[in-house]
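# Notes for the structure review
Each chain, letter by letter, is given below.
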Amino acid sequence: MNDRVPLGKVGKLDITAEPSAAGGFLLLWAVFSFLGAKLFRLRPGAAATGGLLAATLHFVAEMWHQLGHARAAEQTGYPMEGVHLWGVLGTSVYPASEPELPPQIHVERALGGPRASAALTIAAGILAALVRPFSRLAFMIASIFALENSLIFTIGAFLPLPFLETDGTTLQRYRAAHRKRMVVIQE
Ligand SMILES: [Zn+2]
């Protein structure tokens, strides 16, 4: 097992991180600063400040997404225990002692994250439009936040990737299982 550094609690959730999350943060800071300079045409100092805030907000978006999963999990009666951060992403942690759950529970818990991120995308998009006339720096930060919430945490979460367990992977697996069960019951 990889190193798990405890970071404290958010509500009932235990937050842990791999050291790679620090690297992920620095990588995002660099990438977003570059975007700030090239795409949003900010001066280097402003671009680096914007990059730092955008990288911080990336993890806010990740936690918001995870809290969406946690809320959905709570409602199913099979709550989440925590969030484990690694690289630039995070994984929902469920109790190891969990019994075999009906596919529908897995589906509902998986949908909670992207649903929360979709709502935050709309709020961030509106904010980006509002600040645009006033500050290029604020526009940069809000735009990156809106794009991340939509492309990574809403649309991206649904993509079943071959090298990564995403919400899409879970949905594909359990929706198929759910359908199969339905067929068996019908027969
Ligand atoms: Zn998710």
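See above for the structure.
The structure presented is a predicted model; accordingly, all values stated were derived computationally and were not measured. (Residues numbered from 1 in each chain as written. Predicted model: local features only at pLDDT ≥ 70, side-chain atom pairs only at ≥ 80, totals over all residues.)

### Some thoughts on the overall build of the chain
Keep this limit in mind: Runs of H or I in DSSP of at least four residues are treated as helices and runs of E of at least two as strands, each being numbered from the N terminus. To sort residues by exposure, count the other C-beta atoms lying within 10 Å of each residue's C-beta; 20 or more gives buried, 12 or fewer gives exposed, and values between give partly exposed, all with C-beta atoms placed from the backbone.
In terms of regular secondary structure, the chain is built from five helices and four strands. When the elements of the chain are put in sequence order from the N terminus, they spell out β-β-α-α-β-β-α-α-α. Along the three orthogonal principal directions, the C-alpha set of the chain runs to about 65 × 35 × 30 Å. Looking at the chain as a whole, 33% of its 187 residues are labelled buried.

### Some words on the packing of helix 3 (residues 103–131) against helix 4 (residues 136–158)
Convention followed: An axis is simply a line fitted to the C-alpha atoms; with a helix, the fit covers only the stretch in contact. Between two such axes, the angle follows the N-to-C directions and lies from 0 to 180 degrees. Relative orientations are named as follows: roughly parallel for angles under 35 degrees, roughly antiparallel for angles over 145 degrees, roughly perpendicular for angles from 65 to 115 degrees, and oblique for any other angle. Crossing handedness is defined as follows: a turn of the near helix away from the far one that is anticlockwise and smaller than a right angle gives a left-handed crossing, while the clockwise case is right-handed. Residues are scored as being in contact if the C-beta atoms we place from backbone atoms lie within 7 Å. In this classification, Asp, Glu, Lys and Arg are treated as charged, Ala, Val, Leu, Ile, Met, Phe, Trp, Tyr, Cys and Pro as nonpolar, and every other residue, Gly included, as polar.
Remark: helix 3 packs on helix 4, axes separated minimally by 8 Å, with the N-to-C direction vectors making an angle of 160°. The angle between helix 3 and helix 4 falls in the class roughly antiparallel. Considering the relative orientation of helix 3 and helix 4, their crossing is left-handed. Residue-level inspection shows G113, P114, S117, A118, L120, T121, A124, G125, L127, A128 and V131 of helix 3 in contact with helix 4, the latter providing A138, F139, A142, S143, F145, A146, N149, S150, F153, T154, A157 and F158. Class assignment for the residues of the contact of helix 3 with helix 4 results in 15 nonpolar, eight polar and no charged.

### Thoughts on the sheet that holds strand 2 (residues 13–17)
Sheet strands associate in pairs through backbone hydrogen bonding, adopting either a parallel or an antiparallel arrangement. Our working rule: A pair of strands is considered paired only if DSSP assigns at least 2 bridges between the two.
Read across the sheet, four strands follow the order 1-2-3-4 without closing on themselves; strand pairing throughout is mixed. Whereas interior strands pair on both sides, the edge strands pair on one side only; in this sheet they are strand 1 (5–10) and strand 4 (89–93). Taken over all neighbouring pairs, the strand axes of this sheet differ in orientation by 25° on average, direction set aside. Pairing analysis gives five bridges linking strand 1 to strand 2, with the strands arranged antiparallel. By the bridge assignment for strand 2, P6 is matched with T16.

### A word on the environment of S135
The topology assignment puts S135 in the loop between helix 3 and helix 4. Judged by C-beta crowding, with 12 C-beta atoms within 10 Å, S135 ranks as exposed.

### Structural notes on the pairing of strand 2
Counted between consecutive antiparallel strands, the loop separating strand 1 from strand 2 contains two residues, among which G11 sits at a positive phi close to 60°. One ladder, built from four bridges, connects strand 2 with strand 3 (residues 82–86); its direction is parallel. Bridge pairing links T16 to H84 in strand 3.

### Considerations on the pairing of strand 4
Residue alternation in strand 4 divides its side chains into a buried set, G90 and S92, and an unburied set, L89, T91 and V93. Two elements, strand 3 and strand 4, share five bridges in a ladder whose sense is antiparallel. In the sheet register, L85 faces strand 4, and the bridge partner there is G90.

### Looking at helix 2 (residues 44–76)
Stated formally: Here a helix's expected span is defined as the number of its residues, less one, multiplied by 1.5 Å.
If you check helix 2, its first and last C-alpha atoms are 48 Å apart, about what 33 residues at 1.5 Å a residue would give, namely 48 Å. Just downstream of helix 2 lies G77, where phi reads positive at about 90°.

Just geometry here; none of it tells us what the structure is for.
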